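Chain by chain, the residues:
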Number of protein chains: 2
Amino acid sequence: MTQGQHFTRLAGGAAQPAGHASLRRTNLSLVLRHLRDHGSSSRADIAEATGLHRATVSNLMAELLERRLVREVGIEHAGTVGRPRRAVALDGAHVGVLGLEINVDYVAVHGTDLGGRVLVERRVGFDAMGSGTNHSLRELGRVARQAIDELTRAGAGPSGLGPGDLAAAGASGIAAAGGGIRVAGIGVAVPGLVDVGHGVVALAPNLGWRDVSLASRLSVALGDVRAPVTVDNDANLAALAEYTSGVAAGTADMVYLTGEVGVGGGIIVGGRLLRGADGFSGEVGHMPVDPGGSRCGCGRSGCWETKVGLAALVRMATPDQAYGMGTTPVPDPEERVAEIARGLAGGDPLMLAAVAEVGRWLGLGGSILVNLFNPRVIVVGGYFATLARWLLPFAQAELEDLVVAGPAARCRFVASDLGFGAASLGAANVVINQLIDDPTAIGSPPVRLAAPQPTAT
Amino acid sequence: MTQGQHFTRLAGGAAQPAGHASLRRTNLSLVLRHLRDHGSSSRADIAEATGLHRATVSNLMAELLERRLVREVGIEHAGTVGRPRRAVALDGAHVGVLGLEINVDYVAVHGTDLGGRVLVERRVGFDAMGSGTNHSLRELGRVARQAIDELTRAGAGPSGLGPGDLAAAGASGIAAAGGGIRVAGIGVAVPGLVDVGHGVVALAPNLGWRDVSLASRLSVALGDVRAPVTVDNDANLAALAEYTSGVAAGTADMVYLTGEVGVGGGIIVGGRLLRGADGFSGEVGHMPVDPGGSRCGCGRSGCWETKVGLAALVRMATPDQAYGMGTTPVPDPEERVAEIARGLAGGDPLMLAAVAEVGRWLGLGGSILVNLFNPRVIVVGGYFATLARWLLPFAQAELEDLVVAGPAARCRFVASDLGFGAASLGAANVVINQLIDDPTAIGSPPVRLAAPQPTAT
Ligand SMILES: [Zn+2]
Ligand SMILES: [Zn+2]
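The rules we used
Residues numbered from 1 in each chain as written. Chains lettered and ligands numbered in written order. Predicted model: local features only at pLDDT ≥ 70, side-chain atom pairs only at ≥ 80, totals over all residues. Heavy atoms only, no water. Least-squares fit on C-alpha atoms with pLDDT ≥ 70 in both. Contact = heavy atoms within 4.5 Å. Donors = N, O, S within 2.8 Å, 3.2 Å for Na, K, Ca; no water. Tetrahedral: all angles 85-135°; square planar, octahedral: opposite > 155°, others 65-115°. Helix = DSSP H or I, 4+ residues; strand = E, 2+ residues; numbered from the N terminus. Buried < 20%, exposed > 50% of the residue type's maximum accessible area, 1.4 Å probe, protein only. pLDDT = per-residue confidence, 0-100. Buried area = accessible area lost by both parts, 1.4 Å probe. Salt bridge = Lys/Arg side-chain N within 4 Å of Asp/Glu carboxyl O. Polar contact = N/O pair within 3.5 Å; in protein donor to acceptor, adjacent residues only side chain to side chain. Axes fitted to C-alpha atoms, helices over the stretch in contact; angles between N-to-C directions. Parallel < 35°, antiparallel > 145°, perpendicular 65-115°, else oblique. Pairing = 2+ DSSP bridges. Phe/Tyr/Trp six-rings, centres within 6.5 Å; stacked < 30°, edge-to-face > 60°. Lys NZ or Arg CZ within 6 Å of the ring centre and 35° of its normal.

- In the nomenclature of an unreviewed UniProt entry, chain A corresponds to ROK family protein from the organism Streptosporangium roseum.

Rendered as structure tokens:
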């Protein structure tokens, strides 16, 4: 109904001054989204597809051209009429976005342009759990600034990129970057409860964070960048990345599970991310699944994380190196996972028993998710993906035993292939969507930004 | 986007024959929904609000008048212009719908008109669990037919209704029924997994049903009624009724729990019913919450139902009358609940301990739901509602202890006030919505239906 109403108001010419800016924003977004989803198009095609008047489309296009968000792509022959027409294409190459993730033992970053082309991708080991909030925020700021510098250089021309990158860019309809790139938005993934509206991390037990105003603190730290900062839960963002570009991309009902020291969930319901009333949905790690069970990092007992988190596996698979119970820190988690993978490949019976036990608990918790959400697939990331060939058969068998609908529910566990970058990639995608929802937030073209000045709106 | 596109196609006059019927259906629905949601309106108001041309609205209105779904309501003075205009109103009084529920120990029915006015409401004790599928279907058909007869009589004039009913009908903008009522759709609520698309009950453990083609069998049994039958899960339908007209109506993120021998869940996410990939979502009763726990009716162990189902309470509160473990039948469940309520009111220590134990398990399972869905409210029905003043304080305290976000998630348990009729009321509401989505499915006006004849479409 919304689109129709906007159309009606526009066509009637009776738009109020108060609603006019919002209407224009909506229409700019409509045009930009059409170009992203359908590739280069003529103004007439856009008018027909969006229901906007031709004159309105031309007017909107002038603004998008001035903002350097679209470019003319020459003449295109229309199939039916035969008349040559000019076409326009999304030009994402002047605008960059940053997706960051801070987790227990690393910081990850994805830098892309507005078209989604990945220009920077990096993961830096960092002991966030042992470093305290201030130190962690400094590290996050450092990684962000370095990525912004690289993004700016990448945007300055082909020199910062391999030829393959540019070929890929051309294939996806994005212009080769020419006159500088400006970072217009930053997204940050955090393993915890996030107040998305205020950019505040309410609680991140595995980082030791509580009520951290991450968005405003990172904005201050990156003051001259002047890009808005969005914060969200890591599993939510990874689920969005899986939905957009993972092994089960496009599956409308999907659950994503992070497999690290903490276990988080991101839930796609009917093609949309489930957020809940406060944005606190998907907290799978602390479902009570064994009321008499061992102590969890959150202070409760028998949480699912104490059964399937990395600490539980390490404790069972390598009991000679005990770290205590629950989700206590695991030193060098990646090395431990690699060690266990080697042991499993060599047939180590203790490790095989440990992975079977964790797999069964993975299936038990998965059955709760399937009973409640009835997804078609549960995509698992982190160490669940690394050890998938040993874990998932046990998990799948237990799932089918415990789900009420049994095999009728037809849900499969599958391993993610996005690796540790899923959450930061998802953060970048979310920011891209925000900018396409409101192109006016992208601000002035980058050429003006060498010397920032107040924006006259 | 959908509405906008329909508008565009209509305005352009380029509608294809294939799409024309579907477009007309959409526009008829648009007009009817506007009248239901906004009350009586002039044709000009409807044109402005829907974005349809005036001529189109007049044309649609002629069809709706012929189908007796709207009626002229005389002159109305428009605020701004001052010119008198004719207005039309939704006339739901000639079309009836039936909402049925079959559960372990009763059959319930709601008969309403298209405007949602309740004309028949009844609950009949029936031992579905002990009767077998054929006998149960016969009973369901008998109750349905009786309600249809009453609905037809109610529609024949005010004689079947008290004066209060008609006053209420007038207040909600519905005409007093005059020339006969025709049942145009039937919805059935079943406590189990339902394949909604085919009207098949895949599995209803507490009824002993498996792969029952309920929609087609009931259609055959009610052959001359010729009303389509829709089947859905009881908790889903009750959740819709709660969302429409319950104690927390309009709460966009809400969980509804049935509290009977079986425990089912219906989940509203962002104002919509969560269905999942196959319609099997919300199966809360068989979440494994105590892997070492007692045997459940479903054959598994430690399901939530074994902790909070009515059988669990009865077993703990009146251990002298043991029925075995799990969800074995409970004779005269309502009488048992009433007996426990009397004991609780009298301070019976064993019963108080039992209700505290069940309340804590209610809170534990609730914490899983809050961790996953982050709802603002959990509405509880059935015996949970009857014993709410004893159960819910324990449930609420346990919930707040176990939810990761703690009190920040701000979720309350509240008792439903819809009583045992929530699911059948929800079934009637769903059918009303289906008919308003496609008014052409309502068929010929009732006057023709005294002697049914093939419909020429
Ligand atoms: Zn925990
Ligand atoms: Zn069970």
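## A look at the relation of the copies chain B and chain A
Alright, step 1. Rotating chain B by 180° about the axis while translating it 0.0 Å along that axis superimposes it on chain A, leaving an RMSD of 0.1 Å. Read as a symmetry element, the transformation amounts to a two-fold axis.
Alright, step 2. In this assembly, 100% of the residues forming the interface of chain B have copies in chain A that are likewise at the interface, indicating an isologous arrangement.

## Here we look at the coordination of the zinc ion (ligand 2)
Residues and elements named next belong to chain B.
Alright, step 1. At the metal site, the zinc ion (ligand 2) is ligated by H286 (ND1), C296 (SG), C298 (SG) and C303 (SG), and these contacts range over 2.0 to 2.3 Å.
Alright, step 2. The coordination sphere of the zinc ion (ligand 2) comprises four donor atoms, whose angles at the metal cover 106 to 117°; the geometry is tetrahedral.
Alright, step 3. Here the donor residues for the zinc ion (ligand 2) map to a single chain with the spacing H-x9-C-x1-C-x4-C. Taken together, the residues span a long stretch of sequence, with H286 in the loop between strand 14 (272-273) and helix 9 (305-308) and C303 in the loop between strand 14 and helix 9 at a distance of 17 residues. Each member of the pair H286 and C303 is classed as buried.

## Things to note about the confidence of the model for chain A
Alright, step 1. Scored by pLDDT, chain A has a mean of 84; 83% of the residues are at 70 or more.
Alright, step 2. In this model, residues 1-18 of chain A is a region of pLDDT below 50 whose contacts with residues beyond four sequence positions or in other chains number 24 contacts.

## Details of the interface of chain B and chain A
Alright, step 1. Tallying the contact residues gives 51 residues for chain B and 51 residues for chain A.
Alright, step 2. In total, about 4,000 Å² of surface goes out of reach between chain B and chain A, with carbon and sulfur atoms giving 64% of it.
Alright, step 3. There are four salt bridges connecting chain B and chain A.
Alright, step 4. Inspection of the region where chain B meets chain A yields 25 residue pairs in polar contact (both at pLDDT 80 or more).
Alright, step 5. Elements with a contribution of two residues or more to the side of chain B that touches chain A: helix 1 (2-12), helix 3 (43-50), strand 13 (265-269), helix 12 (349-373) and helix 14 (388-402) of chain B.

## Describing the coordination of the zinc ion (ligand 1)
All names here are of chain A.
Alright, step 1. Every protein donor of the zinc ion (ligand 1) is accounted for by H286 (ND1), C296 (SG), C298 (SG) and C303 (SG), and the metal-donor separations fall at 2.0 to 2.3 Å.
Alright, step 2. Coordination geometry of the zinc ion (ligand 1): the four donor atoms subtend angles of 105 to 118° at the metal centre, consistent with an arrangement described as tetrahedral.
Alright, step 3. Sequence positions of the donors to the zinc ion (ligand 1) reduce to the motif H-x9-C-x1-C-x4-C.

## Concerning the packing of helix 8 (residues 234-245) of chain A against helix 15 (residues 422-437) of chain A
Residue and element names in this part refer to chain A.
Alright, step 1. Packing of helix 8 against helix 15 brings their axes to within 7 Å, and their N-to-C directions diverge by 75°. By the angle class used here, helix 8 and helix 15 are roughly perpendicular. Taken together, the residues of helix 15 that come into contact with helix 8 (itself represented by D234, L237, A238, L240, A241, T244 and S245) are A422, A423, L425, G426, A427, N429 and V430.

## Topic: the sheet that holds strand 11 (residues 229-233) of chain A
Residues and elements named next belong to chain A.
Alright, step 1. Pairing within the open sheet is mixed, and its five strands lie in the order 6-5-4-7-11. Two strands lie at the open edges of the sheet, namely strand 6 (118-125) and strand 11, each paired on one side alone. Averaged over all pairs of adjacent strands, the angle between strand axes in this sheet comes to 15°, irrespective of strand direction.
Alright, step 2. Bridging between strand 4 (residues 95-103) and strand 7 (residues 182-190) involves seven bridges; their strand directions are parallel. Note on strand 7: the bridge partner recorded for L98 is I186.
Alright, step 3. Packed on one face of the sheet, helix 8 meets strand 4, strand 7 and strand 11 and runs near 95° to strand 11.

## As for the packing of aromatic side chains
Alright, step 1. Under the defined criterion, the tally for this structure stands at five aromatic pairs over all chains.
Alright, step 2. Ring geometry for Y106(A) against F420(A): centres 5.6 Å apart, planes inclined by 85°, an arrangement best described as edge-to-face. In this pair, Y106(A) is assigned in strand 5 (residues 106-113) and F420(A) in the loop between strand 16 (412-415) and helix 15, connecting sequence segments 314 residues apart.
Alright, step 3. By relative accessible area, F420(A) is classed as partly exposed at 27%.
Alright, step 4. Considering the side-chain rings of Y383(A) and F384(A), the 4.8 Å spacing of their centres and the 50° angle between planes classify their relative orientation as tilted. Each member of the pair Y383(A) and F384(A) is classed as buried.
Alright, step 5. The cationic tip of R123(A) hangs over the ring face of F420(A); the distance from NZ or CZ to the ring centre is 3.9 Å.
Alright, step 6. The ring of Y106(B) has R123(B) sitting right over it, with the charged end atom 4.1 Å from the ring centre.

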